[in-house]
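Here are the chains, one letter per residue:
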Amino acid sequence: MQLNRGNLRGRDWEEVAATVSERCDKQTKSVEQCKNKVDNLKKRYKLERHRMTNGGVSVSHWPWFKKLEEIVGNSLPSKTATDDEKPLVASASSARQSKRFAAATPSPAGPINNMKSKSPSTPRWRRVVFKISGAALCGSGPNNIDPKVPMLIAREVAIACRIGVEVAIVVGGSNFFCGESWVTATGLERCTAYQIGMMATVMNSVLLQSALEKIGVQCRVQSAFPMQEVAEPYSRQRAIRHLEKGRVVIFGGIGAGTGNPLFSTDTAAALRASEIHAEALVKGTNVDGVYDCNSQDSNVTFEHISFRELAARGATSMDMMALTFCEDNGIPVVVFNLLNPGNISRALCGDQVGTLIDQAGRI
């Protein structure tokens with residue numbers, strides 16, 4: 001307030017850090033920690049103010065809203081995407097342009113050319129679970145993981161986080177080991193094969209954590225499968241707390257995400273989405289969305305379809321148990337191709353990409 005709501009300078013931040021450290025019992029807080037905390041509070045304030053404006057809500061139950069309103073008030077500008085936050089646009093043949101998940105007739109599959117290359121400054125969803133297919137991590141290369149894919153994911157998740165989206169991730173492990181294939185080929189005990197797959201999901205999780213932290217995104221890996229050297233034990237309250245602080249949380253996947261090896265990573269993602277009160281589940285894979293089984297053209301995908309219509313008309317790579325769980329809990333699902341640059345950040349922010357599956361379906 002002394003600076004007329006202006007930016008704090010170096011000496012000001014040192015004074016803030018010293019004051020906060022005095023109030024903390026047996027803890028010291030650095031200038032960087034204080035800056036991160038204030039940035040996270042300002043992001044949450046923007047989202048809360050946007051929710052109140054658009055939802056017709058007059059009172060906020062967030063305990064820090066009044067204090068942030070007093071300190072920041074109307075001086076907080078609406079954040080627009082900077083040049084490094086503009087996702088690249090895929091250079092493929094097919095072009096589709098529509099409003100946000102408009103009522104869709106089947107349309108040709110393929111990357112989108114005419115979509116806006118700028119992520120929205122006010123995302124549709126506040127908290128999202130991002131399910132990453134293990135097969136998609138291979139990219140187009142012969143190796144288990146294409147190094148370009150984790151870095152692409154990290155950059156675009158960072159874009160969504162900067163805009164204010166809280167991102168939790170569930171990653172599969174089929175790029176290293178597919179339990180179902182081994183059971184079919186060798187007759188191996190199903191539970192044993194899936195436990196091996198559980199460890200593969202943790203390998204992918206740690207690798208993705210490294211990619212995110214390399215570009216400055218704070219990240220935590222949690223697993224119900226005990227592996228204390230590389231991951232925190234799963235805690236719902238702690239996961240939500242990490243998300244509120246602006247960190248990305250990665251849940252292991254098959255078994256490692258749910259504690260049971262016989263659940264798929266899709267089901268793990270649906271369970272975690274419900275537990276942490278996520279507003280949507282987006283699945284990034286190596287296909288363009290939900291395909292229309294009744295179309296003569298095998299490359300036709302839906303932009304919008306209901307859960308019930310999906311059972312009769314759609315073909316999707318997502319597990320039906322997970323879809324049923326999302327339907328029962330009112331969690332919308334988006335299936336899209338994560339390998340097309342720009343798709344991940346658009347999907348996380350709620351823009352049109354791939355296929356939306358929800359209760360309403362096509363109008």
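Keep in mind it's a predicted model, so treat the numbers as computed, not measured. (Residues numbered from 1 in each chain as written. Predicted model: local features only at pLDDT ≥ 70, side-chain atom pairs only at ≥ 80, totals over all residues. Heavy atoms only, no water.)

Neither face of strand 6 (residues 248-251) is exposed, since Val 248 and Ile 250 on one face and Val 249 and Phe 251 on the opposite face are all buried. Pairing analysis gives 3 bridges linking strand 3 (residues 166-171) to strand 6, with the strands arranged parallel. The residue of strand 6 that forms the bridge with Ile 169 is Ile 250. The pairing of strand 4 (residues 219-223) with strand 6 spans 4 bridges and is classified as parallel. Counted as the bridge partner of Gln 222 is Phe 251 from strand 6. (Buried < 20%, exposed > 50% of the residue type's maximum accessible area, 1.4 Å probe, protein only. Helix = DSSP H or I, 4+ residues; strand = E, 2+ residues; numbered from the N terminus. Pairing = 2+ DSSP bridges.)

The next thing to look at is the packing of helix 4 (residues 148-163) against helix 6 (residues 190-214). Following both chains from N to C, one finds helix 4 and helix 6 inclined at 55°, their axes separated by 9 Å at the closest point. With respect to helix 6, the element helix 4 is oriented oblique. As for the relative orientation of helix 4 and helix 6, their crossing is right-handed in sense. Contacts between helix 4 and helix 6 involve Pro 150, Met 151, Ile 153, Ala 154 and Val 157 from the first element and Leu 207, Leu 208, Ala 211, Leu 212 and Lys 214 from the second. For the contact of helix 4 with helix 6, a count of residues per class yields 9 nonpolar, no polar and 1 charged. (Axes fitted to C-alpha atoms, helices over the stretch in contact; angles between N-to-C directions. Parallel < 35°, antiparallel > 145°, perpendicular 65-115°, else oblique. Left-handed = near helix turned anticlockwise from the far one by under 90°. Contact = heavy atoms within 4.5 Å. Nonpolar A, V, L, I, M, F, W, Y, C, P; charged D, E, K, R; others polar.)

Within the span of helix 7 (residues 236-244), buried status applies to Ala 239, Ile 240, His 242 and Leu 243. Along the long axis of helix 7, the arc covered by the buried residues comes to 155°, so they all point the same way. Those residues of helix 7 that are buried lie in contact with strand 2 (127-132), strand 3, strand 4, strand 5 (232-233), strand 6 and helix 8 (265-275). Just beyond helix 7, the residue with positive phi is Gly 246, at close to 90°. (Arc of directions from axis to C-beta.)

Attention now moves to the environment of Gly 134. Along the chain, Gly 134 falls in the loop between strand 2 and helix 4. Between the C-alpha atom of Gly 134 and that of Ile 145, which follows or precedes it by 11 residues, the distance is 8.9 Å.

What follows is about a nonpolar patch on the surface. On the surface, Trp 182, Leu 188, Ile 196 and Met 199 cluster together into a nonpolar patch covering about 340 Å² of accessible area. Tracing the chain through its elements places Leu 188 in the loop between helix 5 (179-186) and helix 6. (Patch = residues over 30% accessible without salt bridge, like charges linked within 9 Å, V, L, I, M, F, W, Y side chains within 5 Å. Areas by Shrake-Rupley, 256 points an atom, 1.4 Å probe, with all protein chains shown as cover. Salt bridge = Lys/Arg side-chain N within 4 Å of Asp/Glu carboxyl O.)

Time to look at empty space enclosed by the protein. In total, this model carries 3 cavities of 30 Å³ or more according to the counting rule given. Here the second largest cavity is characterised by a volume of approximately 40 Å³. Together, Leu 137, Ile 145, Pro 150, Val 171, Asn 204, Leu 207 and Leu 208 line the second largest cavity. Sort the elements by how many residues they give to the lining of the second largest cavity and helix 6 lands first, with 3 residues. Among the residues making up the lining of the second largest cavity, the classes are represented as 6 nonpolar, 1 polar and no charged. (1 Å grid on protein atoms, 1.4 Å probe; cavity = no way out; pocket = protein on both sides within 12 Å on 5 of 7 lines; lining within 4 Å. Points joined across faces, edges and corners; volume = space filled by probe spheres on them.)

The buried count for strand 2 comes to 6 of 6 residues, which makes it a mostly enclosed element. Here strand 2 shows two buried faces, one formed by Arg 127, Val 129 and Lys 131 and the other by Val 128, Phe 130 and Ile 132. Bridge analysis of strand 2 against strand 3 gives 6 bridges, and the strand direction is parallel. Note on strand 3: the bridge partner recorded for Lys 131 is Val 170. Strand direction decides the pairing type here: strand 2 and strand 7 (residues 280-285), joined by 5 bridges, are parallel. Pairing of Phe 130 across the sheet is with Val 282, part of strand 7.

Okay, the side chain of Ser 133 next. Structurally, Ser 133 can be placed in the loop between strand 2 and helix 4. In this structure Ser 133 touches Gly 284 and Thr 285, once residues within four positions along its chain are discounted.

All right, on to the sheet that holds strand 13 (residues 355-358) then. Strand pairing in a sheet is mediated by backbone hydrogen bonds. Such pairs are either parallel or antiparallel. Ordered by their spatial adjacency, 9 strands build an open sheet running 5-4-6-3-2-7-12-13-10, and the pairing between neighbours is mixed. The sheet is open, and its two edges are formed by strand 5 and strand 10 (304-306), each paired on a single side. In this structure, strand 4 lies alongside strand 5, joined through 2 bridges in parallel fashion. Residue pairing in the sheet places Gln 222 in a bridge with Glu 232 of strand 5.

Okay, the packing of aromatic side chains next. Between two aromatic rings, the relevant description is the distance of the centres plus the angle of the planes. Counted by the stated rule, this structure contains 3 aromatic pairs. With 6.2 Å between their ring centres and 20° between their planes, Phe 130 and Phe 336 make a pair best called stacked. In this pair, Phe 130 is assigned in strand 2 and Phe 336 in strand 12 (residues 333-337), connecting sequence segments 206 residues apart. Just as Phe 130 is buried, Phe 336 falls in that class too. Above the plane of the ring of Tyr 234 lies Arg 272, whose end atom (NZ or CZ) is 3.6 Å from the centre. The ring of Phe 251 carries the charged tip of Arg 272 above its face, separated from the ring centre by 5.6 Å. (Phe/Tyr/Trp six-rings, centres within 6.5 Å; stacked < 30°, edge-to-face > 60°. Lys NZ or Arg CZ within 6 Å of the ring centre and 35° of its normal.)

Moving on: the confidence of the model for the chain. On average, the chain scores 77 in pLDDT, and the residues at 70 or more come to 78%. This stretch, residues 76-120, has a pLDDT under 50; its non-local contacts, to residues over four places away or in other chains, come to 119 contacts. (pLDDT = per-residue confidence, 0-100.)

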